[in-house]
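Residue-level listing of the chains:
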Amino acid sequence: MATIVKCPTCQKEVIWGPESAFRPFCSDRCRLIDLGAWANEEHKIPDKGRADLPLSEQQLEQLENELLEQDNEFFK
Ligand SMILES: [Zn+2]
């Protein structure tokens, strides 16, 4: 009995075997569509990371002052 998988892109049933060159995809087209979707996901990740680092001018100034204070204590 052949193993049947569903194409992740179009949900069409695909035979899991040598006759299905693009398994688990039904065709090269569906494989490329899925790869494209992954590429888009990867593009979204850096955007999310940037949103997590909203350092305002004020915060930067504060950080700088804290570092300067630490330096001053170090050199006393
Ligand atoms: Zn497909």
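Throughout, a residue's number is its position along its own chain's written sequence, starting from 1. For this predicted model, a pLDDT threshold of at least 70 governs which residues receive local features, and a threshold of 80 or more governs which side-chain atom pairs are given and counted, while totals over whole chains, interfaces and linings are taken from all residues. Side-chain calculation: all heavy atoms of the structure are included, whereas hydrogens and water are not.

- An unreviewed UniProt entry annotates the protein as DNA gyrase inhibitor YacG originating from Rheinheimera tangshanensis.
- UniProt positions are given in the numbering used here, feature names are shortened, and annotations may be inferred rather than shown by experiment. Regarding the protein, the UniProt comment filed under Sequence similarities (unreviewed entry) reads as follows: "Belongs to the DNA gyrase inhibitor YacG family."
- Regarding the protein, the relevant UniProt record gives this comment under Subunit (unreviewed entry): "Interacts with GyrB."

Here we look at the overall build of the protein
Okay, step 1: Here a strand is any run of E in DSSP of at least two residues, a helix any run of H or I of at least four, and the numbering for each starts at the N terminus. Of regular secondary structure, the protein possesses two helices and two strands.
Okay, step 2: Element order for the protein, N to C, with α for helix and β for strand: β-β-α-α.
Okay, step 3: The buried share of the protein, reckoned over its 76 residues, is 9%.
Okay, step 4: For the protein, long-range pairs separated by at least 24 residues make up 7% of all intrachain contacts whose partners lie at least 6 apart in sequence.
Okay, step 5: Summing over all exposed atoms, the protein offers an accessible surface of approximately 6900 Å²; the carbon and sulfur share of this is 56%. Per-residue accessibility, obtained with a 1.4 Å probe over protein chains only, is compared with the maximum for each type, and a residue is labelled buried under 20%, exposed over 50%, and partly exposed between these values. The contact criterion used is simple: two residues touch if any of their non-hydrogen atoms lie within 4.5 Å. Accessible surface area values rest on a Shrake-Rupley calculation with a 1.4 Å probe, where residue burial reflects the displayed protein chains alone.

Side note on unusual backbone geometry
Most peptide bonds take the trans form, and the phi angle of most residues other than glycine is negative.
Okay, step 1: The linkage connecting R23 with the following residue, P24, adopts the cis geometry, with an omega of 5 degrees.
Okay, step 2: By the secondary structure assignment, P24 is in the loop between strand 2 (13-16) and helix 1 (28-51).
Okay, step 3: At Q11, a residue that is not glycine, the phi angle is positive and equals roughly 70 degrees.
Okay, step 4: You can see Q11 is positioned in the loop between strand 1 (3-6) and strand 2.

Notes on the coordination of the zinc ion
Okay, step 1: Because water is not among the atoms used, a metal site may look incomplete, as its donors are only the N, O and S atoms within 2.8 Å, or 3.2 Å for Na, K and Ca. Looking at the zinc ion, one finds its protein donor set to be C7 (SG), C10 (SG), C26 (SG) and C30 (SG), positioned 2.3 to 2.4 Å from the metal centre.
Okay, step 2: A four-donor site is called tetrahedral if each angle lies between 85 and 135 degrees; a four-donor site is square planar, and a six-donor site octahedral, when trans pairs exceed 155 degrees and the remaining angles lie between 65 and 115; all other cases are labelled irregular. One can describe the donor arrangement at the zinc ion as tetrahedral, given that its four donor atoms subtend angles of 105 to 118 degrees at the metal.
Okay, step 3: On the basis of relative accessibility, which here comes to 26%, the residue C26 falls in the partly exposed class.

A closer look at the nonpolar core
Okay, step 1: Residues enter a nonpolar core if they are buried and are Ala, Val, Leu, Ile, Met, Phe, Trp, Tyr or Cys, with the set joined through side-chain atoms within 4.5 Å. Membership of the largest hydrophobic core is limited to five residues, which are V5, C7, V14, F25 and C30.
Okay, step 2: What C7 contacts, discounting residues up to four positions off in sequence, is K12, V14, P24, F25, C26 and C30.

Some details on the packing of aromatic side chains
Okay, step 1: Working definition: rings of Phe, Tyr and Trp (its six-membered ring) pair if their centres are within 6.5 Å, and the pair is stacked with planes under 30 degrees apart, edge-to-face with planes over 60 apart, and tilted otherwise. Overall, the coordinates contain zero aromatic pairs when judged by the stated rule.
Okay, step 2: Here, a charge over a ring is recorded when the distance from Lys NZ or Arg CZ to the ring centre is within 6 Å and its angle to the ring normal is within 35 degrees. Note that R23 overlies the ring of W16, its terminal NZ or CZ placed 5.6 Å from the centroid.

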